[in-house]
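Next come the chains, spelled out residue by residue.
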Amino acid sequence: MKCDMCQAEIPAGDEHDHLGRTLCEDCCMEALSPMKTCDPWAVYSAKSFEEHMGGDSTLNPIQKEMVAILEDTGGLTPQDLLSRLGAKLSVEDLQREFAALRHMEKARAEKRGDRIFWRLW
Ligand SMILES: [Zn+2]
């Protein structure tokens, strides 16, 4: 089994399924935390901007829909969320929107068993 991202050989049992790709531990972490290099001030200003704007007004329509679906279901795998959103966006778009929601502390990833679920914060 090879990692789809870095092509490293993955020991049996250590592979991670991420949005249909097989990733090694490191790439999976990387894929799940696209915002990890950004500074805390960005989060702070995003939050205070949101407060200033009043509630959810900073969410775009797709993000609002994602939040509504996650609220409805109590959490979904990225694949399930994508299929519920229909063909409106690509996996990359979904990842970016989710990263934005994470950034605003609206949603987060959670490991249930050996699968990653996205849920509200
Ligand atoms: Zn890898």
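Chains are numbered independently. Their residues run from 1 in the order of the written sequence. It should be noted that, the model being predicted, local features are given only for residues of pLDDT at least 70 and side-chain atom pairs only at 80 or more, the latter also being counted only at that level, while totals for whole chains, interfaces and linings use all residues. By convention in this description, side-chain values take in all heavy atoms of the structure and omit both hydrogens and water.

Trainee: Is there a simple way to think about the coordination of the zinc ion in this case?
Mentor: Four donors placed tetrahedrally around a metal ideally meet at 109.5 degrees, and six donors placed octahedrally ideally meet at 90 or 180 degrees. We call an atom a donor if it is N, O or S and sits within 2.8 Å of the metal, or 3.2 Å for Na, K and Ca. Water is not counted, so some sites may look partial. Bound to the zinc ion are the protein donor atoms C3 (SG), C6 (SG), C24 (SG) and C27 (SG), situated 2.3 Å from the metal. Geometry assignment treats four donors as tetrahedral when all angles are between 85 and 135 degrees, treats four as square planar and six as octahedral when opposite donors are over 155 degrees apart and all others between 65 and 115, and treats everything else as irregular. Geometry at the zinc ion is tetrahedral, judged from its four donor atoms and the angles of 105 to 118° they form at the metal. Linear spacing of the donor residues for the zinc ion on their chain is C-x2-C-x17-C-x2-C. Of this pair, C6 sits in the segment before β1 (16-18) while C27 sits in helix α1 (residues 25-32), and the two are 21 residues apart along the sequence. Think of it in three bands: residues with accessible area under 20% of the maximum for their type are buried, residues over 50% are exposed, and the middle band is partly exposed, with areas taken using a 1.4 Å probe on protein chains only. On the basis of relative accessibility, which here comes to 10%, the residue C27 falls in the buried class. Helix numbers and strand numbers start at the N terminus; a helix is a DSSP run of H or I with at least 4 residues, a strand a run of E with at least 2.

Trainee: Looking at this structure, I do not really get the pattern of salt bridges. What am I missing?
Mentor: We define a salt bridge as a side-chain nitrogen of Lys or Arg found within 4 Å of a carboxyl oxygen belonging to Asp or Glu. Under the definition given, this model contains three salt bridges. Put simply, D93 and R96 hold a salt bridge, and the shortest N to O gap is 3.1 Å. One end of the pair is D93 and the other is R96, both in helix α5 (residues 91-103) and three residues apart, which spans about a single turn. Taking the relative accessible area as the measure of exposure, D93 reaches 25% and is therefore partly exposed. As a salt-bridge pair, R112 and E110 come within 2.6 Å of each other at their nearest N and O atoms. When its relative accessible area of 31% is taken as the criterion, R112 is described as partly exposed. Its relative accessible area of 19% is what places E110 among the buried residues. Where salt bridges share partners, they join E110, R112 and R119 into one cluster.

Trainee: Explain α5 to me, please; I cannot follow it from the model alone.
Mentor: One turn of the α-helix equals 3.6 residues, which is why residues spaced by three or four share an orientation. Helices are assigned an expected span. That span is 1.5 Å times one less than the residue count. Helix length check: α5 (13 residues) gives 18 Å between terminal C-alpha atoms against 18 Å at 1.5 Å per residue, within 8%. Those residues of α5 that fall on the buried side of the exposure criterion are L94, Q95, E97, F98, A99, A100, L101 and H103. Directly beyond the C-terminal end of α5, a positive phi value near 60° is found at E105.

Trainee: Help me out: how do you make sense of the packing of helix α3 (residues 61-73) against α5 in this one?
Mentor: If you want to describe how two helices pack, look at the angle between their axes and the distance between the axes. Axis definition: a line fitted to C-alpha atoms, over the contacting stretch in the case of helices. Angles run 0 to 180 degrees between N-to-C directions. Taken N-terminus to C-terminus, the directions of α3 and α5 make an angle of 75°; their axes are 10 Å apart at the nearest point. By the angle between their axes, α3 is roughly perpendicular relative to α5. Residues I62, Q63, M66 and V67 of α3 form the contact with α5, whose participating residues are L94, E97, F98, A100 and L101. Of the residues belonging to the contact of α3 with α5, the class tally is seven nonpolar, one polar and one charged. If an angle is under 35 degrees, it is roughly parallel; if it is over 145, roughly antiparallel; if it lies from 65 to 115, roughly perpendicular; otherwise it is oblique. Only heavy atoms enter the contact rule, under which two residues are in contact if any of them lie within 4.5 Å. Under the grouping applied here, Gly and all other residues not named as nonpolar or charged are polar, the nonpolar ones being Ala, Val, Leu, Ile, Met, Phe, Trp, Tyr, Cys and Pro and the charged ones Asp, Glu, Lys and Arg.

Trainee: Even after reading the chapter, I still don't get the environment of F98, so can you show me in this structure?
Mentor: Within the secondary structure, F98 sits in helix α5. On the accessibility criterion, F98 (3% relative accessible area) is buried. Separated by 11 residues in the primary sequence, F98 and A109 place their C-alpha atoms 9.2 Å from one another. For F98, the contacting residues outside a window of four places in its chain are M66, A107, R108, A109 and W118.

Trainee: Would you mind going over the packing of aromatic side chains with me for this structure?
Mentor: The geometry of an aromatic ring pair is captured by two quantities: the separation of the ring centres and the angle between the planes. Two rings belonging to Phe, Tyr or Trp (six-membered ring only in the last case) form a pair when the distance between their centres is within 6.5 Å. Interplanar angles under 30 degrees mark stacking, angles over 60 mark edge-to-face geometry, and anything in between is tilted. Throughout the structure, instances matching the rule amount to one aromatic pair. Judged by centre distance (3.7 Å) and plane angle (0°), the ring pair of F98 and W118 falls under stacked. Here F98, found in helix α5, pairs with W118, found in strand β4 (residues 115-120); they are 20 residues apart in sequence, far enough to count as distant. Of the two residues, F98 and W118, neither departs from the other in class, the shared state being buried. Placement of a charge over a ring requires the Lys NZ or Arg CZ to be within 6 Å of the ring centre, with the centre-to-atom vector within 35 degrees of the ring normal. Positioned above the aromatic ring of W121 is the side chain of R108, whose terminal nitrogen or guanidinium carbon lies 5.8 Å from the ring centre. Of note, R112 hangs over the ring of F117, and the distance from its end group to the ring centre comes to 4.5 Å.

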